[in-house]
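# Descriptive analysis of the structure
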Amino acid sequence: MATPDFSLAELMIVAASEAWRDNGEVLASGLGIIPRLGASLAKVTHSPELLMTDSEAFLVEEPIPVGPRGNYEPKYSGYMPFERVFDCVWHGRRHAMVGPTQIDRWAQSNLSVVGDYSKPKVAMLGVRGLPGNSINHLNSFFVPMHSKRVFVEGEVDMVSGVGFKPERWSDLMRRDFMGIGVTVTNLCVMDFAGLDNAARVVSLHPGVSFEMVQENTGFPLLKAEELGETPHPTAEQLDIIARLDPHNLRSKQLKGDPRGIRKPEEVEL
Amino acid sequence: MNKQMTSAQVVAELRDGMTIGFGGWGPRRKPMAIVREILRSDVKDLTVVAYGGPEVGMLAAAGKIRKLIFGFATLDAIPLEPYFRKARQAGTLDVMELDEGLFQWGLKAAGMRVPFLPARAGLATDVLTHNPELKTIRSPYDDGEELLAMPALNLDVAFVHVNRADRLGNTLVTGHDVYFDQHVARAADKCFVSAEVVEEKLELTKATARFNTFERSLVTGVVEAPLGAHPTSCGPEYGWDMTHLKEYSDGAREDSGWATYVEKYVRCNEDEYRERNGGAEKISALPLPIF
């Protein structure tokens, strides 16, 4: 069978969808177009048991296409306003994929400020729900531009989401509800499943070498034993993605909308 | 019983240094007609408590905020609230930055009249580092778990915008999400509600009565404010005004931006405000955002 042509965004959507495999009946929250399409693809294909919302206040069993809906009529199955999302967070049956501004070697994340806290160089959104999400349920990360600015050398400037840095925890705090899933970037898929939760590269996108990833990461990375190439989207997955994203918003998520299969010299860093 | 007031009467109740909370969420169903009235007043040194949208940026730009208690400030479609960002980066804003859920817990503790509620959110993060007033406690039970004791966020005054209200203080929120307004209302000594429509007395069916999310005994005053959430959204009636929000946001890049905004959209009455935004008909027809 001929390999279908696909974009890097589509490869990342498929990689993101794997984050929610075998999670059970959790609320799948993909924040941003690629994570949301990833969650939707997971529900349509391998994990129909996932709970999903219309990104506003209602539960749906059929993921809602992103962007203007035309004649599409959402089919609602329940109600999930913000307050109930909070209930889900604290109860733990949720897996979110978020895009923090910084991530460190301990999987701590930052969505608040870059620079000095009292007079930041850049003030972003604020910690939002990151402290509560990160300590209560599984979280994955989405990084559209893999760089040392995101994967910082030291600790993130403002720890908004918890990680595995022992000094941040007391023995009496419960750490067993937290978990870090995968990190999907424009170069690779990573996890924090090495020894002592060290970051590992699990798969490399076509044309990307481990060395390229390491050079653009502020902390040392391990190679997962099973390190290979990130699985390519199948024709069926591409059809579903096109249906879930009829306006091709996915083409606007990554700078230059790169092709999925790139030669090393075509990989933009 | 008639709790109807004007927004000027409501704002006259504010005193310098008060802690005030806002209902709504980001650019959604914010009591903006009242915010504009606060901007017209000389009240200052406020502690503002909000799931922040443009009310936070505007009050910051006007120099009225002494301290901001928040989980985020955003215009959604424009992710970064421009004047919040400006004030934050200038280092002029004293902040208590909280997890969204902790924020809810603080309001709930206030509404329950307890000093704190326990939570895990915030532990092992810089929310604790930067808020030394937040303490942890140890569970008195066998588990002995260490938890964050989220203190009550007691409000002097709360402002909430709703779809319908009556002169008695009964309210209906008919949008898809009621957000956390019931907690904001209950956390406050006085809650003033602005409403798209104020009726003599709501006469509801069982089905519509369910859109009432907090009882009138929490409501001190009711202000009729048609299109009073503009430029934020007020589902199911109208969406946020992207043109207006963009103009507001773009202005933040210029030194005179805020003064220009005030001249155009604050130094006027609400009738003129609606006219300057294309008129009531146009605002009513603003499409609801698609998520």
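### Remarks on the overall build of chain B
Counting its regular elements, chain B contains 12 helices and 12 strands. Against the globule reference of 19 Å for 291 residues, chain B gives a C-alpha radius of gyration of 19 Å, in line with a compact fold. If one aligns the C-alpha atoms of chain B with their principal axes, the spans along those axes are about 60 × 50 × 40 Å. In chain B, of all internal contacts separated by at least 6 residues, the share reaching a separation of at least 24 is 73%. Counting only carbon and sulfur atoms, one obtains 50% of the accessible surface of chain B, whose full area is about 11400 Å². In chain B, the 34 positive side-chain charges and the 41 negative ones have mean positions that sit 2 Å from each other.

### Side note on the overall build of chain A
Assigned secondary structure in chain A consists of 6 helices and 14 strands. Expressed along its principal axes, the backbone C-alpha trace of chain A runs to roughly 50 × 50 × 35 Å. Residues counted as buried form 58% of the 269 residues belonging to chain A. In chain A, once contacts between residues fewer than 6 apart in sequence are set aside, the share between residues at least 24 apart is 65%. Accessible area for chain A stands at about 11400 Å²; split by element, carbon and sulfur atoms hold 52% of it. Each charge class in chain A can be summarised by its mean position, and for the 27 positive and 35 negative side chains these summaries are 4 Å apart.

### Some details on the nonpolar core
Counting residues in each nonpolar core, the largest one holds 131 residues, and the members touching the most others are I20, I38 and F159 of chain B. Looking at this core element by element, the count peaks at 7 residues for strand β9 (residues 155-166) of chain B. Leaving out residues up to four positions away in the same chain, F159 of chain B has contacts with V10, L14, I20, G21, F22, G23, P31, I34, I38 and F192 of chain B. Counting residues in hydrophobic clusters, the runner-up holds 31 residues, among them L11, M12, M97 and V184 of chain A.

### Some words on the pattern of salt bridges
Between side chains of opposite charge, a pair can form as their charged atoms come close. Inspection of every chain in the model, using the stated rule, returns 32 salt bridges over all chains. The shortest N-O distance in the salt bridge between E18 of chain A and R21 of chain A comes to 2.7 Å. With relative accessibility at 35%, the residue E18 of chain A sits in the partly exposed group. For R21 of chain A, a relative accessible area of 37% translates into the label partly exposed. Within the structure, one salt-bridge network assembled from shared partners comprises E155, K165 and R168 of chain A together with D126 of chain B.

### Thoughts on the sheet that holds strand β11 (residues 179-185) of chain A
All names here are of chain A. Across the sheet, 7 strands lie side by side as β1-β5-β10-β11-β12-β13-β14; this open sheet has mixed pairing. Looking at the sheet topology across the chains shown, the edges are occupied by β1 (27-30) and β14 (222-229). In this sheet, adjacent strand axes meet at a mean angle of 15° when their direction is disregarded. Of the strand pairs in this sheet, β11 and strand β12 (residues 188-191) are connected by 3 bridges, and their pairing is antiparallel. Residue V182 lies in a different strand from β12, and its bridge partner there is D191. Each of β1, β5 (94-98) and β10 (138-143) touches helix α2 (residues 33-44); the most contacted strand, β1, lies at about 150° to it.

### Overview of the confidence of the model for chain B
Averaged over chain B, the pLDDT score is 97; the fraction of residues at 70 or greater is 100%. In the predicted assembly, ipTM is 0.96 and pTM is 0.97.

### Looking at the environment of V184 of chain B
All names here are of chain B. Examined against the element boundaries, V184 turns out to sit in helix α7 (residues 181-186). Exposure remark for V184: the relative accessible area of 4% places this residue in the buried category. Counting along the chain gives 74 residues from V184 to W258, while the straight-line C-alpha distance between them is 28 Å. In contact with V184, other than residues within four places in its own chain, are G21, F22, G23, L107, L155, A158 and V160.

Analysis parameters
Residues numbered from 1 in each chain as written. Chains lettered and ligands numbered in written order. Predicted model: local features only at pLDDT ≥ 70, side-chain atom pairs only at ≥ 80, totals over all residues. Heavy atoms only, no water. Helix = DSSP H or I, 4+ residues; strand = E, 2+ residues; numbered from the N terminus. Rg over C-alpha atoms; globule rule 2.2 N^0.38 Å. Contact = heavy atoms within 4.5 Å. Areas by Shrake-Rupley, 256 points an atom, 1.4 Å probe, with all protein chains shown as cover. Lys, Arg positive; Asp, Glu negative; His and termini not counted. Charge placed at Lys NZ, Arg CZ, Asp CG, Glu CD. Buried < 20%, exposed > 50% of the residue type's maximum accessible area, 1.4 Å probe, protein only. Core = buried A, V, L, I, M, F, W, Y, C linked by side-chain atoms within 4.5 Å. Salt bridge = Lys/Arg side-chain N within 4 Å of Asp/Glu carboxyl O. Pairing = 2+ DSSP bridges. Axes fitted to C-alpha atoms, helices over the stretch in contact; angles between N-to-C directions. pLDDT = per-residue confidence, 0-100.

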